[in-house]
Every structure is written in C-alpha cells, then in structure tokens.
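Structural overview
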Amino acid sequence: MTTLGLPDDIHACLFDMDGVLTRTATVHAAAWKETFDDFLRRREGPDFRPFDAHDDYDRYVDGMPRADGVRSFLASRGIELPEGSGDDPPDRDTVQGLGNRKNALVLRKIEEMGVEAFPGSVRYAEAARAAGLRRAVVSSSANCHAVLVAAGIDDLFEVRIDGLAAAERHLPGKPHPDTFLAAAHDLGVPPDRAAVFEDALAGMEAGRAGKFGFVVGVNRADQEEALRRHGADVVVDDLAELLGEAP
Ligand SMILES: O=P(O)(O)OC[C@H]1O[C@@H](O)[C@H](O)[C@@H](O)[C@@H]1O
C-alpha cells in the first residue's frame, strides 16, 4: 500500500464528483424530492407515498445520468412517462420535463448556497498530484464543470468525463463502466492500474464492471454494508482516512 492508501501498482485516480469531491449529493437529493413529490401529489392526490431522499435516492437515482434517474425511480413506482424532448418546460410531465424541473431546482440551490468541496478530498487529490498519479473526474452530472469551478478545484484534474461528454461520446452512464473506462483511456492508464472513488451504489457497480484495480467506497450516507456488497474494496467516511489522517 502507498501513502495514499492504494495498492502500489495504481497510477491513476478516477473521482466521482457529487458526494465524493463536493458536498452536492444532498443538494441533488433535495431537488429530486421536491420534483418527484410535486409530481406524485398531482398524480395520486394527498395520500401519495413521498420520495424518500435517503432510500429512494440511493437505490434509484444516485450517481445516474439525470434522465436515467427519472425513469428508474418512476419505474420503481410502476409509472412510465413519455420521453418528451430536451426543451420541455419544467411543468410538463415527461421524463425530460421532470428532469428539467429538477435541474432548475439544483441550479437555484447551488446559486443560493454555493458549493463546498470536502477538505479531505481536496487534500487527497493534492497528495495524489504530488505523488505523480494521474487524476480524472467522472461524473454523471451535466453541471460538473460549473460545480468544480464554483468549488475552486477544477485545476486538480487532468481529464473530465461528465454528463455532457458522455452524451457527446454516446457513453452509457453509471452503473455501466463506460465513463470510467473513457477517463482511464484518456489518461493513458489501463483500468487495472486505476482506482475508482465513489459514494453511489451505481458508481460501485461501474467500478466492479470495469474491472478497475481498486474501488474506494466513500460512505456519506450511512451505507457501508451496501457499498461493500456493490463492490468496494475499502470503505471510508472521508478520503483523509486514506492519508492516515484521523476522520
Ligand atoms: O442533473 P445533473 O446535474 O446532470 O446530474 C445528474 C446526476 O449526477 C450525479 O452525480 C448525482 O449523483 C445525481 O443525483 C444527479 O442526478
């Protein structure tokens, strides 16, 4: 093991963003809840079963591209909506319309509250850079670049595969491994020499499916067991633990 808490033959770090680098997973979860609860209330009346920002988010939405998250959660409630189109207004009950509503809420919340990077993750990425490891961000978010810039950490990463890049390159999102594989490829490092850092179950599965050299589960939502079941080699509450710092 290196001083970064990784096997000796790891040459690259592939970091998820929301919940791993930035404190934004909870912002997404809150925006999803507002979007889905409003939709379900209108569809099913006051006795609707609300979206659970912990369990439903972790199981059906976390880590996935926006439209996949809409489809996946609605399918869990036996609901299928027309796809609609990317410019659907936020009040249209289509997959794209609900996604647009959720995105408007996320952007508003980020604007109001700002974005905070996890200090332990920043120290870790800096230590990886100092040790000569290659570094990429692999996020399903189409807002990835703006969030990295707002958090002031954009320059720590050499490669970014985000929701926009995935769409352009026709890469299926997490839990498929393709976005992580593209990042490793762009860094010039084989997957078995790259470590994946993820807080989402969909991201864990992507790490396992891509046969990456090491998968770090970042436990931000009290789901250590689930992270291990979905493929984590090690689970930490904060990346600083891998540097040997106290949590
Ligand atoms: O809606 P965006 O910003 O493109 O993000 C898509 C998804 O990106 C992932 O990183 C988040 O875990 C999800 O909650 C989010 O929905």
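Described in the following lines is the structure provided in the data block. It should be emphasised that the depicted structure is a prediction, and the values quoted were computed from it without experimental measurement.

What about the side chain of Asn219?
Topologically, Asn219 is positioned in the loop between β5 (214-218) and α10 (224-229). Within the structure, Asn219 has its side chain in polar contact with the backbone nitrogen of Asp222 (distance 3.2 Å). At 3.3 Å, the side chain of Asn219 forms a polar contact with the side chain of Asp237. Excluding its chain neighbours within four sequence positions, the residues that come into contact with Asn219 are Glu224, Leu227, Val235, Val236 and Asp237.

Description of the environment of Arg23
Structurally, the position occupied by Arg23 is in the loop between β1 (12-15) and α1 (25-44). Along the backbone, Arg23 and Phe118 are 95 residues apart, and their C-alpha atoms lie at a distance of 6.4 Å. Beyond its immediate stretch of four places on either side in the chain, Arg23 contacts Glu116 and Phe118.

A few points about the side chain of Asn100
Within the element layout of this structure, Asn100 appears in helix α4 (residues 95-113). Among the polar contacts listed, one links the side chain of Asn100 to the backbone oxygen of Gly86, at a separation of 3.0 Å. With near-sequence residues (within four places) excluded, Asn100 lies in contact with Arg66, Gly86, Asp87, Asp88 and Pro90.

Here we look at the pattern of salt bridges
Two side chains that carry opposite charge are able to pair once their charged atoms sit near each other. Enumeration over the complete set of coordinates arrives at 20 salt bridges. Ionic pairing is found between Glu34 and Lys109, a salt bridge with its closest N-O pair at 3.4 Å. Here Glu34 is found in helix α1, whereas its partner Lys109 is found in helix α4, with 75 residues between them in sequence. Glu34 sits in the partly exposed class, given a relative accessible area of 34%. Here the salt bridges share partners, and the residues they tie into one network are Asp38, Arg42, Asp93 and Arg101.

Brief notes about the pairing of strand β4 (residues 194-198)
The buried fraction of β4 is high, at five of five residues. Of the two faces of β4, the one holding Ala194, Val196 and Glu198 and the one holding Ala195 and Phe197 are both buried throughout. Examined bridge by bridge, β1 and β4 share four bridges and lie parallel to one another. Residue pairing in the sheet places Leu14 in a bridge with Val196 of β4. Across four bridges, the pairing between β4 and β5 is parallel.

Parameters and conventions
- Per chain, residue numbering runs from 1 following the sequence as it is written.
- Whole-chain, interface and lining totals are the exception, using all residues; otherwise, since this is a predicted model, local features are given only for residues with pLDDT of at least 70 and side-chain atom pairs are given and counted only at 80 or more.
- As a convention, hydrogens and water are excluded, and side-chain values are obtained from all of the structure's heavy atoms.
- Secondary structure elements follow DSSP: runs of H or I of four or more residues count as helices, runs of E of two or more count as strands, with numbering from the N terminus.
- Pairs of N or O atoms are called polar contacts if they sit within 3.5 Å, as long as, within protein, a hydrogen donor faces a hydrogen acceptor (for residues adjacent in sequence, only side-chain-to-side-chain pairs).
- Between two residues, a contact is recorded if the distance between any of their heavy atoms is within 4.5 Å.
- What makes a salt bridge here is a side-chain nitrogen of Lys or Arg within 4 Å of a carboxyl oxygen of Asp or Glu, nothing more.
- Summary of the burial criterion: residues with accessible area below 20% of their type's maximum are buried, those above 50% are exposed, and those between are partly exposed, where the area comes from a 1.4 Å probe applied to protein chains only.
- Two strands qualify as a pair provided DSSP detects at least 2 bridges between them.

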